[in-house]
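# Coordinate analysis (summary)
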Amino acid sequence: MKRLLRAATRGLQSAQKRGYSVPWPNHVNTPQDNERVPWDFTEASYAQIKTILAKFPETHRESGIMPLLHLAQWQNGGWIPVSAMNKIAQICEVPPVRVYETVTFYAMFNRRPVGDFHVQFCVTTPCMIVGSDELIQIGLKHAGVDRFNKTVTDGVKSITFGEMECMGCCVNAPMVVVSDYSKPPHFSYDYYEDLTPDTLCELIDALKNDKRDTIPLGSQAGRQFSAPLGGKTSLIGEPPGPFCRDLDAKKEEEPKK
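The notes below deal with the structure included here. (Residues numbered from 1 in each chain as written. Predicted model: local features only at pLDDT ≥ 70, side-chain atom pairs only at ≥ 80, totals over all residues. Heavy atoms only, no water.)

## Concerning the packing of helix 7 (residues 132–143) against helix 8 (residues 197–208)
In plain terms, the rule: Here the axes come from fitting lines to C-alpha atoms, over the contacting stretch only for helices, and the angles between their N-to-C directions go from 0 to 180 degrees. Under the DSSP-based scheme used, a helix requires at least four consecutive residues in state H or I and a strand at least two consecutive residues in state E, with every element numbered from the N terminus. Crossing handedness follows the turn of the near helix against the far one: under a right angle anticlockwise gives a left-handed crossing, and clockwise gives a right-handed one. Between two residues, a contact is recorded if the distance between any of their heavy atoms is within 4.5 Å. Under the grouping applied here, Gly and all other residues not named as nonpolar or charged are polar, the nonpolar ones being Ala, Val, Leu, Ile, Met, Phe, Trp, Tyr, Cys and Pro and the charged ones Asp, Glu, Lys and Arg.
At a minimum axis separation of 10 Å, helix 7 and helix 8 run at an interaxial angle of 35°. The crossing of helix 7 and helix 8 is right-handed. For the pair helix 7 and helix 8, the contacting residues are Leu135, Ile138, Gly139, His142 and Ala143 in the first and Pro197, Leu200, Cys201, Ile204, Asp205 and Lys208 in the second. In terms of residue class, the contact of helix 7 with helix 8 is made up of seven nonpolar, two polar and two charged.

Listed below in structure tokens is the structure:
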């Protein structure tokens with residue numbers, strides 16, 4: 001039993017040292033995040049809620065939980081307080097736990113305040129193979145923080161750093177996604193791919209100085225979508241044939257019945 005406790009303690013210390021960006025699922029009251037703090041959607045948000053809920057049957061209003069969580073996060077500048085979760089439960093006519101379990105399951109929902117920009121590194125295997133771990137350390141050091149979940153506030157805009165599992169752009173690894181909460185309720189979610197230490201540091205500096213428009217979206221290596229970096233490797237010229245059919249033949253009219 002003592003060995004098990006020591007092993008569990010070492011595992012917890014290791015997790016704390018790395019600073020995982022996904023918080024524990026339990027809620028801890030703070031002065032700005034507790035059930036006594038009033039929270040409500042704006043009139044503009046309620047107009048969107050009406051449109052969202054109209055897509056679902058009256059008997060399945062719980063289908064609106066996820067889109068309403070996104071709406072609350074955008075309105076609230078990047079995070080969802082427990083009062084907003086309770087409001088969504090009320091609107092969707094479900095027990096509050098149905099909303100809590102959704103928020104704590106998905107990494108895309110933040111339960112703690114974040115900066116104007118939320119930069120999340122992909123840490124899945126394809127990115128790790130091409131150096132995402134080293135890139136993370138370089139990026140955090142350049143920003144002046146030592147772990148995830150910390151916010152940099154020494155620029156025009158603040159930045160919070162975190163991690164995320166596979167973002168679906170494995171060919172263009174390593175990469176980050178930048179969630180822009182700087183102008184709520186307006187929101188953008190953009191990928192920056194094929195990163196190197198230099199291009200990552202340039203991106204961080206641009207975000208801090210509110211000059212993100214100077215950095216192109218997508219690949220930072222000039223890649224077109226997910227095409228090979230060196231250009232085409234197949235179908236370079238006209239296919240030699242023979243073809244299974246005449247591509248230029250006109251379609252015959254079907255006989256009238």
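Now, onward.
## Thoughts on the side chain of serine 182
Rules: Exposure is judged per residue with a 1.4 Å probe applied to protein chains only, and the accessible area is read against the type maximum: over 50% gives exposed, under 20% gives buried, and values in between give partly exposed. Whenever two N or O atoms come within 3.5 Å, that pair is a polar contact, provided that in protein one can donate a hydrogen and the other can accept it, and provided that, for residues adjacent in sequence, both atoms are side-chain atoms.
Within the secondary structure, serine 182 is located in the loop between strand 4 (176–180) and strand 5 (188–193). Classification of serine 182 as buried rests on a relative accessible area of 13%. A distance of 2.5 Å separates a polar atom in the side chain of serine 182 from a polar atom in the side chain of aspartate 180. Excluding anything up to four places from it in sequence, serine 182 contacts Asp116, Phe117 and Lys157.

## Considering unusual backbone geometry
For the bond from alanine 173 to proline 174, the omega torsion is -5°, close enough to zero to count as cis. Position of proline 174 relative to the elements: it lies in the loop between strand 3 (159–164) and strand 4. Phi is positive for aspartate 194, which is not a glycine, with a value near 50°. Counting through the fold element by element, aspartate 194 comes out in the loop between strand 5 and helix 8. One non-glycine residue, phenylalanine 225, adopts positive backbone phi at about 55°. Examined against the element boundaries, phenylalanine 225 turns out to sit in the segment after strand 6 (218–219). Note on phenylalanine 225: relative accessible area 69%, which makes it exposed.

## Focus on the pattern of salt bridges
Note the following rule: By definition, a salt bridge exists where a carboxyl oxygen of Asp or Glu is found within 4 Å of a side-chain nitrogen of Lys or Arg.
Taken as a whole, this structure holds 10 salt bridges when the rule is applied. For aspartate 40, the salt bridge identified is with lysine 87, shortest N-O distance 4.0 Å. On the criterion of sequence distance, the pair formed by aspartate 40 in the loop between helix 1 (2–18) and helix 2 (43–53) and lysine 87 in helix 4 (residues 82–92) is long-range, its members being 47 residues apart. Look at aspartate 40 and you get partly exposed, because its relative accessible area is 38%. Of the residues examined, lysine 87 reaches a relative accessible area of 16% and is grouped as buried. The closest approach of N and O atoms between lysine 150 and aspartate 146, which form a salt bridge, is 2.9 Å.

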